[in-house]
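Observations on the model geometry
Residue strings, one per chain:
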Amino acid sequence: VQLQASGGGLVQAGGSLRLSCAASGRTFSRYSMGWFRQAPGKEREYVSAITSNGAGTHYANSVKGRFTISRDNTKNTVYLQMNSLKPEDTAVYYCAAPRGSGSPLYTPKTAREYDYWGQGTLVTVSS
């Protein structure tokens, strides 16, 4: 399984960015997907997850109401729309996929539930 994240960049506080993660190597539509982030000097933290069919989503409290996760199973891609960005959102953002498909309602929320990781894309929010 290969995951390729893109879309990071430099944005002013209050601005928006959309991250993309293209997946290959297996049937994308069978698996949940997630986004994590890691700020300098901090541990990697969970951001959001989405079920295999896109009907269910979950967010960390820190991004709820500002970020939206979505997926296009025809393009094997998961997205993270980030609005009202804050300087504390500055981090390297990683997309991730679990090894197993789990139930259709599966939204894994911990790093240990994910086995495949993209290379990360840097988001910098200036104040």
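First things first, this report covers the structure right here in the doc. It should be emphasised that the depicted structure is a prediction, and the values quoted were computed from it without experimental measurement.

A few points about the overall build of the chain
Regarding its fold elements, the chain presents 0 helices and 11 strands. N-terminal to C-terminal, the α/β element order of the chain is β-β-β-β-β-β-β-β-β-β-β. Taking 2.2 N^0.38 as the reference for a compact globule, 127 residues should give roughly 14 Å; the C-alpha atoms of the chain span a radius of gyration of 13 Å, in line with that estimate. Per-residue burial over the chain gives 43% buried out of 127 residues. A fraction of 59% describes how many contacts in the chain between residues 6 or more apart in sequence connect residues 24 or more apart. With an accessible surface of roughly 6300 Å², the chain has 47% of that area assigned to carbon and sulfur atoms. Across the chain, the centroid of the 14 positively charged side chains sits 5 Å from that of the 7 negatively charged ones.

A word on unusual backbone geometry
For Asn76, which is not glycine, the phi dihedral falls at a positive 55 degrees. Positive phi values are uncommon outside glycine, yet Ser84 reaches one of about 50 degrees. If you trace the backbone, Ser84 turns up in the loop between β8 (77-82) and β9 (91-97).

Regarding the state of the cysteines
Following the criterion strictly, the structure yields 1 disulfide and no others. A sulfur-sulfur distance of 2.1 Å marks the disulfide that ties Cys21 to Cys95. The disulfide joining Cys21 to Cys95 has a torsion of about 60 degrees about its S-S bond and is therefore right-handed. Here the residue Cys21 occupies a position in strand β3 (residues 17-24), and Cys95 occupies one in strand β9, the gap between them amounting to 74 residues. Each member of the pair, Cys21 together with Cys95, is buried.

A look at the sheet that holds strand β1 (residues 2-6)
Pairing in this open sheet of 4 strands is antiparallel, and the strands run β1-β3-β8-β7 from one edge to the other. Every other strand in the sheet has two partners, leaving β1 and β7 (67-72) as the edge strands with one partner each. The sheet shows a mean angle of 15 degrees between the axes of neighbouring strands, direction not considered. Looking at chain direction, β3 and β8 are connected through 6 bridges and run antiparallel. Residue Ala22 lies in a different strand from β8, and its bridge partner there is Thr77.

Some remarks on the packing of aromatic side chains
Considering all chains together, one arrives at 4 aromatic pairs under this definition. Their ring planes at 80 degrees and their centres at 5.2 Å tell us that Phe36 and Tyr114 sit as a pair that is edge-to-face. With Phe36 in strand β4 (residues 33-38) and Tyr114 in the loop between β9 and β10 (116-117), this pair connects stretches of sequence that are 78 residues apart. The buried category is assigned to Phe36, whose relative accessible area is 1%. For Tyr114, a relative accessible area of 5% puts it in the buried group.

Rules and cut-offs
Residues numbered from 1 in each chain as written. Predicted model: local features only at pLDDT ≥ 70, side-chain atom pairs only at ≥ 80, totals over all residues. Heavy atoms only, no water. Helix = DSSP H or I, 4+ residues; strand = E, 2+ residues; numbered from the N terminus. Rg over C-alpha atoms; globule rule 2.2 N^0.38 Å. Buried < 20%, exposed > 50% of the residue type's maximum accessible area, 1.4 Å probe, protein only. Contact = heavy atoms within 4.5 Å. Areas by Shrake-Rupley, 256 points an atom, 1.4 Å probe, with all protein chains shown as cover. Lys, Arg positive; Asp, Glu negative; His and termini not counted. Charge placed at Lys NZ, Arg CZ, Asp CG, Glu CD. Disulfide = S-S within 2.5 Å. Pairing = 2+ DSSP bridges. Axes fitted to C-alpha atoms, helices over the stretch in contact; angles between N-to-C directions. Phe/Tyr/Trp six-rings, centres within 6.5 Å; stacked < 30°, edge-to-face > 60°.

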